[in-house]
Each structure stands twice: as structure tokens, then as C-alpha cells.
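Structural characterization, general
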Amino acid sequence: MDLKCIFSLAILVSQISLSSTQNVNVVIQGETSIGETDDNFVCATLDWWPTEKCNYNQCPWGKAGLLNLDLKKKGLINAIKAFNPLRIKVGGSLQDQVVYGVGGVKNCPNFMKNEDSLFGFSQGCLPMERWDELNKIFNQTGVKVTFGLNALLGRNRSQIEKGLWVGDWKSQNARDFMKYTISKGYKVDSYEFGNQLSGAGMGASVEAEQYGKDIVVLKNLVKELHPDPKTQPKVLGPSGYYDEKWFNSFLEVSGHDVVDGVTHHIYNLGPGDDPNMITKIQDPSYLNQVAQTYKGVLNIVNKFKPQSGAWVSESGGALHGGAKDLSPTFADGFWYLDQLGMASTYNHKVFCRKTLIGGNYALLNTTTSIPNPDYYGALLWHRLMGSTVLAVTQESNPNLRVYAHCAKKKPGISIIFINLSKDSSFNVTLSNYEHQSRNSRSTDVAKPEFRGSKDREEYHLAALAGNIQGQIVLLNDVPMVPTETFDIPTMEPKLVNASTPISIAAHSIVYVTIRDFQAPACA
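Quick look at the structure, then. Just so we're clear, the structure is a prediction, and the values are computed from it rather than from any experiment.

A word on the overall build of the chain
Helix and strand counts for the chain stand at 11 helices and 26 strands. Over its C-alpha atoms the chain spans a radius of gyration of 24 Å, differing by no more than 12% from the 24 Å that the globule rule assigns to 523 residues. Expressed along its principal axes, the backbone C-alpha trace of the chain runs to roughly 85 × 65 × 45 Å. The burial tally for the chain puts 57% of its 523 residues in the buried class. In the chain, of all internal contacts separated by at least 6 residues, the share reaching a separation of at least 24 is 76%. Across the chain, the 50 positively charged side chains and the 50 negatively charged ones have centroids separated by 4 Å.

Below you can see the structure in the form of C-alpha cells.
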């Protein structure tokens, strides 16, 4: 055998050994749930940033800010409608510099670049005509609205401590805005108080005790203007990075019946210009690190028991507009859909993706409104994964991430499999855990392998030509591209014989719904 043949054989052998298929058993505990999400768990944000907002020598916002977004775009309208309904959070970094053009506010200026102001922009204003236009699309598409209020109004910068803002919140402008909203019949599901003012803050911070005192003022205002508890908007806060001491203090000051949901932000991928981000996104141990934050927030929520639990009210993965070559690509789904899974297992009710449109981390292309790959992953989650969360264990391979819920449409369960590995595919069998009590001794017994009698419904998401940093996603080998009239393509499952293992290809994301899996928690 000549050298050339030996070399070719070596390459072939190495390729075969690199691409392997592993058998994995996944155990699902169908007896009890470990968490409960809101029916509108998947949420996206709309932001205030003007066109001039730039990071990393790029300006990715275009005309996607709340004040200049074209609300008549067919692609935008259809993308929202497909969720039926989508929760949208109105807010972002500049919300604590927004006044509302109503009541005593006669001058309603746009944001202007100003290096001396917070985040490099002057105070801006939401004209009521624009609020009318926004509500027209919200009503037309059935949006559930969470609105982020300006929590810095009336405060001043501290002369002693950099970044700290002091003084009481002035609520009059918020009152006038809410009264206008009520007079027009616009529905707001929840009001969130301020943006990233907790702990050390981002640009600005408020002491926990002061924030707690002011959110009581907001709660009383909401109760006064919405006396019927059935239609009363929720009050959420603090909408910032988790800081145990600060969160504890704020909730102690505000008391038990004030805050309906404890909201926090997650940007666990770091700066958007990090060249190592593609590695982080595929590293299970890196993705696991943020579990500490979820755990911390859950502990605080269990202590203070707000009725709407914990929310992630903003998460874009990568900071400052996202990562240009990663956030709008298939690879981002390894981070994003894993976060949806992790947040739900830590009993979080809502997860708001920054953004629906605008910046590099948008679910929709900022210019064309055509969906990026994460949009389709989010839409499938919304349609398939019910609110009851089930415990899952699989010890074979950390690159296979698995999360299970009761199916959104009964009966059965829905599972998401995320394969972070570019080399390994998996053949998955399922088992059901059963809790047995015998002679006062309690044991968990893994039942034998689950054998279904009905066909499974499978949705396989993969990158076109295996290019995970590309922007075309395949669903069951069909490219997901909107129609000529900007309709979202239909997303049909493939039906698979229940007696075969579930096949998870390398670098793919798979949703599976099994109608005849016996899970008492889903009855």
C-alpha cells in the first residue's frame, strides 16, 4: 500500500471516529412537576434605542426603536400574530429617561446624543399619538403588554457616590400616562418599575430601601386607578442584575403583597465582541454557570412568595446589542433555547428575549423583519411546551441538553433536545420514573424503556449545510423562509414510528411531542 493510500485511509478512519452515534436513555419523572411557567412564558422586548446607538464600531439598531419603528410592516405584524398571543415588554436602558407626553408635559422631544447624559443620550419623550399607534398594533396582533416605567423621575445624581441617584420617585407623570391608557381602553398586563437600577446598576443605581419604598407608591397608584383586582396590572421589579443583598432588602422594605413578580436580567455570554463566544455557546459547563443566578432568585422568591414568581424580563445573551456574527445565527439557539429550558426548571414564569426587533440579538431582522433562526425555536417552544415542567435526568453525555414539559395541547408531553456537539449524534430511548412507597420506605424506580403505540410528532431544527453561523434554519429538512406575502411558513411535525429511538443529529435542536406517555402530572 503506497503512502497516499495510507494517508487517505487515515483521514477516513479519523472522520468515522469523529462522527459517532451514542445510545442515551433519558428518564422523565412524570409523577410530579418541578415548576410552572406562565402560558406566555416566551416574551420579546421592544426597545427605545435611536438609530444613533452604536457599539463595537457598528450601529445595529436602524429604525427599530419604539419611536421610529415602521408598525405597518407586514413581516412584523405576521411574526407577532403567529404566537397568538406574544408577550411583549416595552422597555430597555433608556426607559428611565422617557417622559410621557401627557398631563403637565407640554414639550415632547426626541432622544438626542449627549455624552454627559445617561447612556450618552438626553431625555426623550413618548408622544401619546405614538402610544396610540403602538396600541393599534398590540390590539391587532393580540399582544400581552408589559410596560417598563421611568423610575428615575424626580431623583438627582448623588453628590457623594458615583452612579447613585437619590430622592423620592415622582409619580405624577406615570399617573397621567396610566389614566390616559385607561381612558383609551388600552390593556397593560403589567408595569415594571425602572431598568437595571439594582445593586451597582448599569449607568444608574438606586438604593434598595428607596426602591422598595417607591414601588409601594407605584402599587398603590395601580390599585387606585384599577380598583378591580381581576383587571389590575401586575407590578414587577427590579428588572436588573441579581444582587442577593439588594434584592433581599428591597423585598423586605416593600413587603409581601406589593411586588407581583421579581424580575431580573441575564447576559451570561458577556460582551458582544468576544471572539470566544462561539466556544462558550457550545460548552455545557459554561452554560451551567448561570444556574447559580436562577437558583438565587428562586430562593428569594420562595422566601417572599410574590404571586407571579420570578421572571427574566430581559436577556439578549451577549451585551451591548448582541454579537453581529452569532446572535442572529442558528448557533445562538444553543444558548437561547437552553436558557428557556433552564429558566423553566428553576420555576421562572416568563423569559423576555431582547429583542423582537432591533440590535444584533433580535428575533427578526432589523431591516427586513424576516425571522432569524431563534424566532422559529421560540415559536415552537410557545406552541409545544406547556406550562407544567417535568424533571429530566440523563447521565450519558453533557452535550445533550434535555428539558420536558407537559404538552401545550393535551394529552402527552413535549421534550426539547439540544445537541451541542458537532461530532456526536444520539439515539435516545425514554424511561418514566415512578415513585413507590413500600413499608414506609420510599423509593424512585425507573420503569422499563417507554414503548409508545402512537406515532411521535418530531420537529428537527438544523442549520442549512451544517453552517451553524448561518441564518437559514431547516425544519425537518425544509428551509424556514416567509412566503412572498410575509406569512410565517407552516411548521408541521414529521410523524415517526414510536417503537424507534429518537434520533438527534449533531448540532441540531429537536422538539418531540409524545401523546401516549403516561405522566400523571399532566393529567
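What about the sheet that holds strand β11 (residues 261-265)?
Ordered by their spatial adjacency, 8 strands build a closed barrel running β2-β3-β6-β9-β10-β11-β13-β15, and the pairing between neighbours is parallel. For this sheet, the mean angle separating the axes of adjacent strands, direction not counted, is 25°. The sheet contact formed by strand β2 (residues 42-46) and strand β15 (residues 348-353) spans 3 bridges and is parallel. Opposite Ala-44, over in β15, you have Arg-353 as the bridge partner. Helix α5 (residues 208-225) contacts β6 (144-149), β9 (190-193) and β10 (234-240) of the sheet and is inclined by roughly 155° relative to β10.

A closer look at the pattern of salt bridges
All told, the structure shown has 20 salt bridges when counted by the stated rule. Here Lys-89 ties to Glu-192 by a salt bridge, and the two come within 3.0 Å at their closest N and O atoms. With a gap of 103 residues between them, Lys-89 in strand β3 (residues 87-90) and Glu-192 in strand β9 connect regions that are remote in the sequence. Residue Lys-89 is classed as buried on the basis of its relative accessible area, which comes to 1%. Across the salt bridge formed by Asp-332 and Arg-353, the nearest N and O atoms sit 3.2 Å from each other. Residue Asp-332 is found in helix α10 (residues 332-345), and its partner Arg-353 is found in strand β15; the two are separated by 21 residues along the sequence. By the burial criterion, Asp-332 is buried, and Arg-353 matches it. Through salt bridges with shared partners, one network takes in Asp-38, Arg-87, Asp-189 and Lys-234.

Structural notes on the side chain of Ser-431
When you line up the elements, Ser-431 lands in strand β19 (residues 424-438). Ser-431 gets classed as buried once you look at its relative accessible area, which sits at 5%. A polar contact of 3.2 Å, which involves the side chain of Ser-431, links it to the side chain of Asn-25.

Comments concerning the environment of Glu-449
Take Glu-449: it is sitting in strand β20 (residues 441-449). With residues near it in sequence (within four places) discarded, Glu-449 still touches Thr-429, Leu-430 and Ser-431. A polar side-chain atom of Glu-449 sits 3.4 Å from a polar atom in the side chain of Arg-451.

Description of the nonpolar core
Membership of the largest hydrophobic core comes to 128 residues, with the highest contact counts inside it found for Leu-126, Trp-131, Phe-138, Phe-147, Phe-177, Tyr-375 and Tyr-511. When residues of this core are assigned to domains, at least three fall in each of domain 1 (20-34 + 392-435 + 447-522) and domain 2 (37-386). Beyond its immediate sequence surroundings of up to four residues, Phe-138 is in contact with Leu-46, Ile-88, Val-90, Trp-131, Val-143 and Val-145. Leu-390, Ile-413, Val-428 and Ile-514 belong to the second-largest nonpolar core, a separate cluster that totals 22 residues.

Examining unusual backbone geometry
Among all residues save glycine, negative phi is the norm, and among peptide bonds the norm is trans. Between Gly-237 and the following residue, Pro-238, the backbone shows a cis peptide bond with an omega angle of 5°. Residue position: Pro-238 is located in strand β10. In this chain, Lys-410 is followed by Pro-411 through a cis amide linkage whose omega measures 0°. In this fold, Pro-411 is placed in the loop between β17 (400-407) and β18 (413-419). Of note in this structure, Ala-465 is not a glycine but carries a positive phi near 55°. Relative to the helices and strands, Ala-465 is located in the loop between β21 (456-463) and β22 (473-475). Even without being glycine, Phe-486 reaches a positive phi, approximately 65°. On the basis of relative accessible area, Phe-486 is assigned to the partly exposed category, the value being 35%.

So, how was this worked out
- Residues numbered from 1 in each chain as written.
- Predicted model: local features only at pLDDT ≥ 70, side-chain atom pairs only at ≥ 80, totals over all residues.
- Heavy atoms only, no water.
- Helix = DSSP H or I, 4+ residues; strand = E, 2+ residues; numbered from the N terminus.
- Rg over C-alpha atoms; globule rule 2.2 N^0.38 Å.
- Buried < 20%, exposed > 50% of the residue type's maximum accessible area, 1.4 Å probe, protein only.
- Contact = heavy atoms within 4.5 Å.
- Lys, Arg positive; Asp, Glu negative; His and termini not counted.
- Charge placed at Lys NZ, Arg CZ, Asp CG, Glu CD.
- Pairing = 2+ DSSP bridges.
- Axes fitted to C-alpha atoms, helices over the stretch in contact; angles between N-to-C directions.
- Salt bridge = Lys/Arg side-chain N within 4 Å of Asp/Glu carboxyl O.
- Polar contact = N/O pair within 3.5 Å; in protein donor to acceptor, adjacent residues only side chain to side chain.
- Core = buried A, V, L, I, M, F, W, Y, C linked by side-chain atoms within 4.5 Å.
- Domains from an automatic or database assignment.

In short, geometric facts, not functional conclusions.
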